[in-house]
Amino acid sequence: QVQLVESGGGLVQAGGSLRLSCAASGSIFRFNTMGWYRQAPGKQRDLVAKMTNSGSTNYADSAKGRFTISRDNAKNTVYLQMNSLKPEDTAVYYCNYVDHMGENPYWGQGTQVTVSS
């Protein structure tokens, strides 16, 4: 099993920044993808950004140029630096882990990000 513990969510004004962290523990497989998804009320859960252990990234169009995903593989931790936040970024942000062995993904509990206007 893999456990994901998130931190860094909170309240911020439009134009501000937040940095989310997610630390994975348990049965971590070296070859994996970790990332961030978000879900606003009444909306589906969508990818924000993800990154493989080797550094390949994918970003949602809405995140490009504003958000940066990074990893510390030694700590099994993924970060999401969010700049120029907009009210439309308000959502519950979920950390995600999936190994490259084809098992089901793991999810964090979610952390609320609220951007006020």
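Before going into details, it helps to say that this report is about the structure given with it. Note that the structure is a prediction, hence the values are computed from the model and not measured.

Rules behind the numbers
Residues numbered from 1 in each chain as written. Predicted model: local features only at pLDDT ≥ 70, side-chain atom pairs only at ≥ 80, totals over all residues. Heavy atoms only, no water. Pairing = 2+ DSSP bridges. Helix = DSSP H or I, 4+ residues; strand = E, 2+ residues; numbered from the N terminus. Axes fitted to C-alpha atoms, helices over the stretch in contact; angles between N-to-C directions. Phe/Tyr/Trp six-rings, centres within 6.5 Å; stacked < 30°, edge-to-face > 60°. Buried < 20%, exposed > 50% of the residue type's maximum accessible area, 1.4 Å probe, protein only. Lys NZ or Arg CZ within 6 Å of the ring centre and 35° of its normal.

A word on the sheet that holds strand β8 (residues 77-82)
Each strand in a sheet pairs with its neighbour through backbone hydrogen bonds, running either in the same direction (parallel) or in the opposite one (antiparallel).
Working step 1: Pairing is antiparallel in the open sheet, where four strands are placed in the order β1-β3-β8-β7. The two strands at the open ends of the sheet, each matched to only one other strand, are β1 (2-7) and β7 (67-72). Along the sheet, successive strands turn relative to each other by an average axial angle of 15 degrees, direction set aside.
Working step 2: Here six bridges tie strand β3 (residues 18-26) to β8, and the two strands are oriented antiparallel to one another. Paired with S21 across the bridge in β8 is Y79.

Examining the packing of aromatic side chains
Working step 1: This structure, assessed with the given rule, holds four aromatic pairs.
Working step 2: The interplanar angle of 65 degrees and the centroid separation of 5.6 Å between the aromatic rings of F29 and F31 together place this pair among those described as edge-to-face.
Working step 3: Accessibility expressed as a relative area gives 28% for F29, which makes it partly exposed.
Working step 4: Taken together, the ring pairs connect Y37, Y94 and W107 into an aromatic cluster.
Working step 5: Taking the ring centre of Y94 as reference, the NZ or CZ of R45 above it sits at 3.6 Å.
Working step 6: The ring of W107 carries the charged tip of R45 above its face, separated from the ring centre by 4.6 Å.

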